[in-house]
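# Per-entry structural report
Take a look at the letters that make up each chain.
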Protein chains: 2
Amino acid sequence: MTTPSWTIGIDLGGTKMDVGLVDHKGKVHNRSLVPTKAKQGPKAVVDDIITILKELLPENIKKDTLGIGIGIAGQIEKKTGVVKFAPNLGWVDFPLQEELMRQTRMPVAITNDVRAATIGEWQYGAGTGCNDLLCVFVGTGLGGGIVSGGRLLDGNSNTAGEIGHMVLDIHGAKCTCGNYGCFETFAGGWAIARRMKEAIAVDPTQGKLFLEMTGAKTVEDVTAKHVFDGDHKGSIIAKKVVQEVHEALIAGIAGLVNVLNPQRVIMGGGIVQRNPDLVEVIRNGVPTRTLKTASAGLEVVQAQLQGDAGVVGAAAFAMHTLEKKVLS
Amino acid sequence: MTTPSWTIGIDLGGTKMDVGLVDHKGKVHNRSLVPTKAKQGPKAVVDDIITILKELLPENIKKDTLGIGIGIAGQIEKKTGVVKFAPNLGWVDFPLQEELMRQTRMPVAITNDVRAATIGEWQYGAGTGCNDLLCVFVGTGLGGGIVSGGRLLDGNSNTAGEIGHMVLDIHGAKCTCGNYGCFETFAGGWAIARRMKEAIAVDPTQGKLFLEMTGAKTVEDVTAKHVFDGDHKGSIIAKKVVQEVHEALIAGIAGLVNVLNPQRVIMGGGIVQRNPDLVEVIRNGVPTRTLKTASAGLEVVQAQLQGDAGVVGAAAFAMHTLEKKVLS
């Protein structure tokens, strides 16, 4: 039996839903991007997926399609594909896999969106040919995916890779997760904005200058994007905040390199995509804080899939789960 | 072909060498414990191993022996079994595996001592039946071993598990590794002693009381053992240092639980063995700092092999490497 030519990849977010037909080389062909009707509940979202699939999958292609892979921002029960909790969608205990299999009569595989992106980079992006890699996604939050010895780690309850909630400062500030001093409180987008707001409060004169430079209307409007923008435009206080972000990324990733000994660190996420110079900062900085033996031969590279990461990653997860080749 | 009944396990340390004949249930039968002639160089150590093996392995048993497993405090090249660097032994680039295979004509498998202890606990100790576990060994240093998805992680250059050098305080004190704020600078035995010495300098009156209580002759003589002893005997400053150790172990392990999502955390090493109450402190504390989803169902238990860990772990490593059943 030959391997089917196509796999459906779905990146299911709280605001938009990205569905694509992906070939065996990780290339996206037909594609559909629509708003997610999160507020109307899971049934409306599933109905939309079914409608899109009918458009994307004429019968002749459906016959030659392996199945459907979904990456979703939330916690998934590995065995059943039940979405235990997806705060952005407002879902609790929704049996997405069962529901989609029933309606499509196709195999369905569901995973966390960060892990999907990790598999995408591993199989089709910056991680190809590498058995030991750490993906670090710096966006609003700070997420991660770990491939070790040629296997993606999922852990006991399918939550492995939550690197943003590794403690980086035992005496540190409160995190959105309830813990204190998490890596994310230094380098997640929300935290970068929070640090900038604090810096503005401490130095209102420089703060005013920063707001003018970046076009942020009020202190409340400041985002991580403004912070990096302010740094590029010469704001002294933005520069200081960005330097702290650098230090945190270096220290956090160095610790993970010591713990996991990856061959390659892949830096992705919106903040890295908009500030690719971060990759070199991390490449140069990490070896200054690691055991020499742990970072021998370490490569630090930028993620490659960019906007395709969600769809390609979800499809790649389906390929490897449904084909039972790599993942257990 | 039936599996051989016996495996040799060798725990090769800088001061002593522990060699045992281990059966398939992880039980140590004949055993020999001798000082390591580290100063006389690798040849003297290998000669001693050969002499001991002749005693422990009469021909009829040798025929029924799978091979030799060695756990050593140092960095091992996975493919060749070359000891790249073993500071306690003073070895650099010594081809131990090749040399022992040549002289014994038996298969030899070599790994890091911490990783050997992890496999020992996993196969024959507190980790049996568990596919996702984290071993934390608190001794003079702070070492770790990670089993994820039923595989021991070794990483790209065979150094995975160096949890003691994860950054726990980005603004923290210098570590022996050259980095700053490592987990080990809070909870490794050497660091606990250092923190106590600092506490004595700050409060000489309480410091004097502490020295009297614990029988430590001078400040320079203070070890981690004195610190825990002082805490039990009511020293205020020792209590404070021990509380800081608790906080650090909780924060550090919580971060690792978020990153790795183990089912079980196994606490071992000399300091835990002498202070088993640490296990409960960690069991109660870790879930207060983890994502709920990451610590759902988490068990925190004490290591079981104790004094046998080195020999049993080395033998277990050999069994699983040489039989190619579990490890790749």
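Residues numbered from 1 in each chain as written. Chains lettered and ligands numbered in written order. Predicted model: local features only at pLDDT ≥ 70, side-chain atom pairs only at ≥ 80, totals over all residues.

With that settled, consider the overall build of chain A. The helix and strand inventory of chain A stands at twelve helices and 13 strands. Of the contacts made within chain A by residues no fewer than 6 positions apart, 62% connect residues no fewer than 24 positions apart. (Helix = DSSP H or I, 4+ residues; strand = E, 2+ residues; numbered from the N terminus. Contact = placed C-beta atoms within 7 Å.)

Axis angle and axis distance: for two packed helices, these are the angle between their axes and the distance between the axes, and together they describe the pair. Residue and element names in this part refer to chain B. Contact geometry for helix 7 (residues 204–214) and helix 8 (residues 224–232): axes closest at 9 Å, N-to-C directions at 95°. Here helix 7 lies roughly perpendicular to helix 8, going by the angle between them. Here helix 7 contributes Phe-210, Met-213 and Thr-214 to the contact with helix 8, which in turn contributes His-226, Asp-229 and Gly-230. (Axes fitted to C-alpha atoms, helices over the stretch in contact; angles between N-to-C directions. Parallel < 35°, antiparallel > 145°, perpendicular 65-115°, else oblique.)

Residues and elements named next belong to chain A. Taken together, three strands build an open sheet; the order of strands is 5-6-7 and the sheet is antiparallel. Since the sheet does not close on itself, it has two edges, and those belong to strand 5 (75–76) and strand 7 (91–94), each with one partner. As paired elements, strand 6 (residues 83–86) and strand 7 share three bridges and run antiparallel to each other. Pairing of Phe-85 across the sheet is with Val-92, part of strand 7. (Pairing = 2+ DSSP bridges.)

So, about the interface of chain B and chain A. In this assembly, 42 residues from chain B lie in contact with 42 residues from chain A. Only helix 9 (236–260) and helix 12 (292–295) of chain B provide two or more residues apiece to the side of chain B that touches chain A. Sorting elements by how many residues they give to the side of chain B that touches chain A places helix 9 of chain B first, with nine residues. Tallied by class, residues from the side of chain B that touches chain A come to 17 nonpolar, 18 polar and seven charged. (Nonpolar A, V, L, I, M, F, W, Y, C, P; charged D, E, K, R; others polar.)

What follows deals with the nonpolar core. The nonpolar side chains of a soluble globular protein tend to be buried with one another. Judged by nonpolar contacts, the single largest core of 216 residues is most densely connected at A:Leu168, A:Ile253, B:Leu168, B:Ala187 and B:Ile253. Each residue touching B:Ala187, except ones within four places of it in the same chain, is listed here: B:Val138, B:Leu142, B:Ile192, B:Val245, B:Ala248, B:Leu249 and B:Gly252. (Core = buried A, V, L, I, M, F, W, Y, C linked by C-beta atoms within 7 Å. Buried ≥ 20, exposed ≤ 12 C-beta atoms within 10 Å, placed from the backbone.)

A few words on the sheet that holds strand 6 (residues 83–86) of chain B. Residue and element names in this part refer to chain B. With antiparallel pairing, three strands are arranged side by side in an open sheet as 5-6-7. Every other strand in the sheet has two partners, leaving strand 5 (75–76) and strand 7 (91–94) as the edge strands with one partner each. Bridging between strand 5 and strand 6 involves two bridges; their strand directions are antiparallel. Paired with Ile-76 across the two strands is Val-83, which belongs to strand 6.

Attention now moves to the domain arrangement of chain A. Residues and elements named next belong to chain A. Partitioning chain A into structural domains gives domain 1 (6–120 + 308–322) and domain 2 (131–303). Between domain 1 and domain 2, the C-alpha centre-to-centre distance is 28 Å. At five residues, helix 4 (residues 113–124) tops the list of elements feeding residues into the side of domain 1 that touches domain 2. (Domains from an automatic or database assignment.)

So, on to the relation of the copies chain B and chain A. Screw-axis analysis of chain B against chain A gives a translation of 0.0 Å along the axis, an RMSD of 0.0 Å, and a rotation angle of 180°. The relationship between the two copies is best expressed as a two-fold rotation axis. When you check the interface residues of chain B against chain A, 100% turn up at the interface there too, and the contact is symmetric in its surfaces. (Least-squares fit on C-alpha atoms with pLDDT ≥ 70 in both.)

What follows deals with the environment of A:Gln40. With respect to the helices and strands, A:Gln40 occurs in the loop between strand 3 (28–35) and helix 1 (42–56). In the structure, A:Gln40 is positioned 49 residues away from A:Leu89 in sequence and 9.7 Å away in space, judged by C-alpha atoms.

So, on to the confidence of the model for chain A. With 98% of its residues at a pLDDT of at least 70, chain A reaches an overall mean of 95. Scored by ipTM, the complex comes to 0.94, with pTM at 0.94. (pLDDT = per-residue confidence, 0-100.)

With that settled, consider unusual backbone geometry. Residue and element names in this part refer to chain A. A positive phi angle, close to 50°, is found at Asp-93, a residue other than glycine. Mapping Asp-93 onto the fold places it in strand 7. Even without being glycine, Gln-306 reaches a positive phi, approximately 50°. As for its position among the elements, Gln-306 is in the loop between strand 13 (299–302) and helix 12 (309–322).

Residues and elements named next belong to chain B. Positionally, Pro-4 belongs in the segment before strand 1 (6–12). Overall, Pro-4 belongs to the partly exposed group, with 17 C-beta atoms counted inside 10 Å. For the pair Pro-4 and Gly-67, spaced 63 residues apart in sequence, the C-alpha separation works out to 9.0 Å. What Pro-4 contacts, discounting residues up to four positions off in sequence, is Asp-64, Thr-65 and Leu-66.

Residues and elements named next belong to chain A. Most of strand 9 (residues 133–138) sits out of view: six of its six residues are buried. Going residue by residue along strand 9, you find Leu-133, Cys-135 and Phe-137 tucked away on one face and Leu-134, Val-136 and Val-138 tucked away on the opposite face as well. Judged from the six bridges that link them, strand 9 and strand 10 (residues 142–148) form a sheet pairing that is antiparallel. Its bridge partner being in strand 10, Val-136 is matched across the sheet by Gly-144. From the end of strand 9 to the start of strand 10, which pair antiparallel, there are three residues.

Take the pairing of strand 9 (residues 133–138) of chain B next. Sheet topology note: the strand 9 of chain B/strand 12 (residues 264–268) of chain B ladder contains five bridges and is parallel. What sits directly across from B:Val136, in strand 12 of chain B, is B:Met267.

Residues and elements named next belong to chain A. Between its first and last C-alpha atoms helix 4 spans 16 Å; for twelve residues at 1.5 Å apiece the expected length is 16 Å, and the two agree. Counting buried positions along helix 4 gives twelve out of twelve residues, so the element sits mostly inside the fold. For helix 4, every residue scored as buried is listed here: Asp-113, Val-114, Arg-115, Ala-116, Ala-117, Thr-118, Ile-119, Gly-120, Glu-121, Trp-122, Gln-123 and Tyr-124. (Expected span 1.5 Å × (residues − 1).)

With respect to the secondary-structure elements, A:Asp132 resides in the loop between helix 4 and strand 9. Spatially, the C-alpha atom of A:Asp132 lies 4.4 Å from that of A:Ser148, the residues being 16 residues apart in sequence. With sequence-adjacent residues up to four places away left out, A:Asp132 is seen in contact with A:Val147, A:Ser148, A:Gly149, A:Asn261, A:Pro262, A:Gln263, B:Gly155 and B:Asn156.

Below, the discussion takes up the packing of helix 8 of chain B against helix 9 of chain B. Residue and element names in this part refer to chain B. Orientation of helix 8 relative to helix 9, taken along the N-to-C sense of each, is 115°, at an axis distance of 8 Å. Crossing hand, helix 8 versus helix 9: left-handed. Between helix 8 and helix 9, the contacting residues are Val-227, Phe-228, Gly-230 and Asp-231 on the first element and Ala-238, Lys-239, Val-241 and Val-242 on the second. Partitioned by chemical class, the residues of the contact of helix 8 with helix 9 number five nonpolar, one polar and two charged. (Left-handed = near helix turned anticlockwise from the far one by under 90°.)

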